[in-house]
Amino acid sequence: MRLFTHNMLSSNIKGVSNGFPLRIEVEQVLEKQVDFNPDFVKNLFPKLEWKALVDGARTLGYAELPEEADSSMLESEEFLRKVHHALLELHLEEGALTCPETGRKFPVTKGIPNMLLHEDEV
Amino acid sequence: MWYLCVFYHRLLSYRRAEVESLAEMFGVFSSLEWMLPENQHPDSPFHLVNLPSEDIARNIANRSILVKGIYELWGEGSSFEQLEEAIKSYPEDRKLPYLTCETTFKVTVDSFGKAISFQEQNDRIKSLAYIPFKGRVNLKNPDINFWLMETDDYGAPNGLPPVVQKRIFFGRLVGGADRKLLPTYQLKSRRYLGPTAMDAEMAFLMANQALVMPGKLVYDPFVGTGSILVAAAHFGAMTMGADIDIRAVRDGRGPDCNVWSNFKQYGLPLPVALLRADNNLPPWRSGLKEIFDAIICDPPYGVRAGGRKSGGRKLLKGIVGPYTVPDDKRTDHIPSTAPYSLAECVHDLLDLAARMLVMGGRLVYFYPVLSEGDVMETHFPEHPCFKLIASSEQILSSRYSRVLLTMVKTGSYTDKVAEAAKTKHQEFKENYVKWLEHGNLHSSVFGPAHLHLGEETDSKLCKELKPKYRGKYV
């Protein structure tokens, strides 16, 4: 699971009002190179929850992202490359995503988050 | 300028829709003008299309799957004399640049509905001597490809669309589909397959309908073995898929036989994300919207694979008490799932697409249709945010077809719109599609004939309505 995915997911257990961002529990992180596409990052930037990305990246061991970011920074290729790296090249291979409200763990195995709810959470 | 557009005699109702989508991809935003050559049936492979430039025509043809060739038409006629006259009166300045001595060329003789012997092909090429070819012949790699094509009513019913009269065309090839893609991606050499893996040709057609281009983000909520996303990735898209079946997305059939390996097999970039999620209760954070450029999928409609959603035993409330997972079993608990009717599934899909597609983004999906009595079911799901722009039928059996629907997002998504869509969907469900409920479609497709076709005369009648040459691939 990449941080791109983490940025989109929330805990949707019945009754949970604020399931975002999911806390990341790390067992294994992989880095895989992905072709850099500046336009993709630029298009995506306004849709990101920046703080969740910064915190997520730090949890996965990457602390290069600035605390605050705005669209003027998209001019810098260095910045775009950092966002690209955080969004697409860091993989949580094994671990879990934890609901911030209930503490329910959504396991991540072989890079696939399992977001399916139990019968009594629907 | 008008071009001759010759299609493969396949998937007839997908052909114009594909060219129209590709025209938009290459910058033509007004709707295309089409004509049929004289004496041609709409199911004939020969069509005339008006395109703004040769570059656009070439781009469309080369990217397409069903265009055999787009040609600059130099002449057509009902006899070789008429053809000669037409070619001679075609403006010189359009012809001469392609006939100079610096060029190499080749003439291909082709026919629709009949094979022409080698001898006859040669005779026909020689009969073109009135065209002042100055270039050298090169059969392997010519600069200019000329095509001499004919179609005729060869007398006996040959299972092809009716042709009233012979027609001959001569033109210069501008571009054509690269169908070499298809053997490369054919399912029989795909490592990881499931029972409903999408045929490669169809997957490419779906990707074309969805205007897949490099850098676009494409999502498939019923990803399965990833067969649709493979086609999207081939055209350069970033892909993302979800499925409720964790075995399909996570495990596959081993370390080198899973969704990832299907992408590695062709050297394609891996999906940006694969996850296990339920289309009925998608796990997207609130506030997330307009992120996908296209959603392409083949929803489970319960004929070959049934849909499932979360909830399982809880839904049996009343018969069995609501199920609570014991605390010590929570960690590795495998939740049971409940049946997911197609009606609900389509509603959720439209709702998801309305929220998550960018403006102008496309939703491309299959929708099953029963051939009931004499009229085809022509009511397709609607949504206030979407405009239906193409519906292409693939006949699967005498009892049912699937229709590829292409919808464009034209309105933005708000809570009010979502509420209105729900009401609209409820009406749709009640009025048109009883068989959308779980299991009904399956029994209509596989049940004994007399149950749903009524009297024998009816079934005969409905069989005769579809022309004989129509079938699964035509």
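Residues numbered from 1 in each chain as written. Chains lettered and ligands numbered in written order. Predicted model: local features only at pLDDT ≥ 70, side-chain atom pairs only at ≥ 80, totals over all residues. Heavy atoms only, no water.

- Under an unreviewed UniProt entry, the name given to chain B is tRNA (guanine(10)-N(2))-methyltransferase, and the organism recorded is Populus euphratica.
- In its Sequence similarities (unreviewed entry) section, UniProt records this for chain B: "Belongs to the class I-like SAM-binding methyltransferase superfamily. TRM11 methyltransferase family." (UniProt positions renumbered as here; feature names shortened; annotations may be inferred.)

- Chain A has the name Trm112p-like protein in an unreviewed UniProt entry, where Populus trichocarpa is given as its organism.
- Quoted verbatim from the Sequence similarities (unreviewed entry) field of the UniProt record, the comment on chain A reads "Belongs to the TRM112 family."
- UniProt, in the comment section headed Subunit (unreviewed entry), describes chain A in these words: "Interacts with TRM9."

### A look at the interface of chain B and chain A
- On the side of chain A, 31 residues touch chain B, which itself brings 44 residues to the contact.
- Carbon and sulfur atoms supply 61% of the area that chain B and chain A bury against each other, a total of about 3200 Å² over both sides.
- Among the residues of chain B in contact with chain A, Arg250(B), Arg276(B) and Arg285(B) are the three that bury the most area, contributing 21% of the side total.
- In this structure, the connection of chain B to chain A is made through 2 salt bridges.
- For Lys110(A), the salt bridge identified is with Asp251(B), shortest N-O distance 3.2 Å.
- Along the contact surface separating chain B from chain A lie 17 residue pairs in polar contact (both at pLDDT 80 or more). (Contact = heavy atoms within 4.5 Å. Buried area = accessible area lost by both parts, 1.4 Å probe. Salt bridge = Lys/Arg side-chain N within 4 Å of Asp/Glu carboxyl O. Polar contact = N/O pair within 3.5 Å; in protein donor to acceptor, adjacent residues only side chain to side chain.)

### A few points about the sheet that holds strand E5 (residues 104-112) of chain B
Residue and element names in this part refer to chain B.
- Strand order in this open sheet of 8 strands is E2-E3-E1-E4-E8-E7-E5-E6, and the pairing throughout is mixed. Since the sheet does not close on itself, it has two edges, and those belong to strand E2 (33-35) and strand E6 (136-137), each with one partner.
- Where strand E1 (residues 2-7) meets strand E4 (residues 67-77), 4 bridges bridge the pair, whose relative direction is antiparallel. Bridge pairing in E4 places Leu4 opposite Tyr71.
- Across the sheet, helix H3 (residues 80-89) touches E4, strand E7 (144-151) and strand E8 (167-175), and the angle it forms with E4 is around 90 degrees.
- Of the strands in this sheet, E5 and E7 touch helix H5 (residues 118-126), which is tilted by about 125 degrees from E5. (Pairing = 2+ DSSP bridges. Helix = DSSP H or I, 4+ residues; strand = E, 2+ residues; numbered from the N terminus. Axes fitted to C-alpha atoms, helices over the stretch in contact; angles between N-to-C directions.)

### Topic: the domain arrangement of chain B
Residues and elements named next belong to chain B.
- For chain B, the assigned domains read domain 1 (2-179) and domain 2 (183-446).
- Computed from C-alpha atoms alone, the centre-to-centre distance between domain 1 and domain 2 is 38 Å.
- Residue-level contacts link 15 residues of domain 1 with 20 residues of domain 2.
- Summed over both partners, the interface of domain 1 with domain 2 buries about 1500 Å², with 55% contributed by carbon and sulfur atoms.
- Per-residue buried area on domain 1 facing domain 2 is highest for Tyr14, Met25 and Arg63; these three make up 40% of the total on that side.
- Applying the counting rule to domain 1 against domain 2 returns 3 salt bridges.
- Here Glu24 ties to Arg362 by a salt bridge, and the two come within 2.9 Å at their closest N and O atoms. (Domains from an automatic or database assignment.)

### Let's talk about the packing of helix H3 (residues 50-59) of chain A against helix H4 (residues 77-89) of chain A
Residues and elements named next belong to chain A.
- At their nearest, the axes of H3 and H4 sit 10 Å apart, and the two run at 70 degrees to each other. Between H3 and H4, the angle falls in the class roughly perpendicular. Two packed elements cross with a definite hand, and for H3 against H4 that hand is left-handed. Residues Trp50, Leu53 and Ala57 of H3 lie in contact with H4, whose contacting residues are Phe79, Val83, Ala86 and Leu87.
- Its residues placed into classes, the contact of H3 with H4 shows 7 nonpolar, no polar and no charged. (Parallel < 35°, antiparallel > 145°, perpendicular 65-115°, else oblique. Left-handed = near helix turned anticlockwise from the far one by under 90°. Nonpolar A, V, L, I, M, F, W, Y, C, P; charged D, E, K, R; others polar.)

### Structural notes on the pattern of salt bridges
All names here are of chain B.
- Applying the stated criterion across every chain yields a total of 31 salt bridges over all chains.
- Taking the shortest distance from any N to any O, the salt bridge between Glu76 and Arg167 comes out at 3.0 Å. With a gap of 91 residues between them, Glu76 in strand E4 and Arg167 in strand E8 connect regions that are remote in the sequence.
- The buried category is assigned to Arg167, whose relative accessible area is 5%.
- Connected through shared salt-bridge partners, Glu54, Asp55, Arg58, Glu72, Arg94 and Arg172 make up one network. (Buried < 20%, exposed > 50% of the residue type's maximum accessible area, 1.4 Å probe, protein only.)

### Some remarks on the packing of aromatic side chains
Residue and element names in this part refer to chain B.
- Across all of its chains, the model carries 22 aromatic pairs over all chains by this definition.
- When the centroid spacing of 5.2 Å and the interplanar angle of 85 degrees are considered together, the rings of Tyr185 and Phe204 count as edge-to-face. Here Tyr185 is found in helix H6 (residues 181-185), whereas its partner Phe204 is found in helix H7 (residues 200-209), with 19 residues between them in sequence.
- Looking at Tyr185, the relative accessible area reads 4%, which means it is buried.
- Phe204 gets classed as buried once you look at its relative accessible area, which sits at 1%.
- Here the aromatic residues Trp74, Tyr90, Tyr98, Phe105, Phe133, Phe146 and Phe170 are joined through ring pairs into a cluster of three or more.
- Taking the ring centre of Tyr98 as reference, the NZ or CZ of Arg172 above it sits at 3.7 Å.
- Across the ring face of Phe366, the terminal group of Arg402 is positioned such that the distance to the ring centre comes to 4.2 Å. (Phe/Tyr/Trp six-rings, centres within 6.5 Å; stacked < 30°, edge-to-face > 60°. Lys NZ or Arg CZ within 6 Å of the ring centre and 35° of its normal.)

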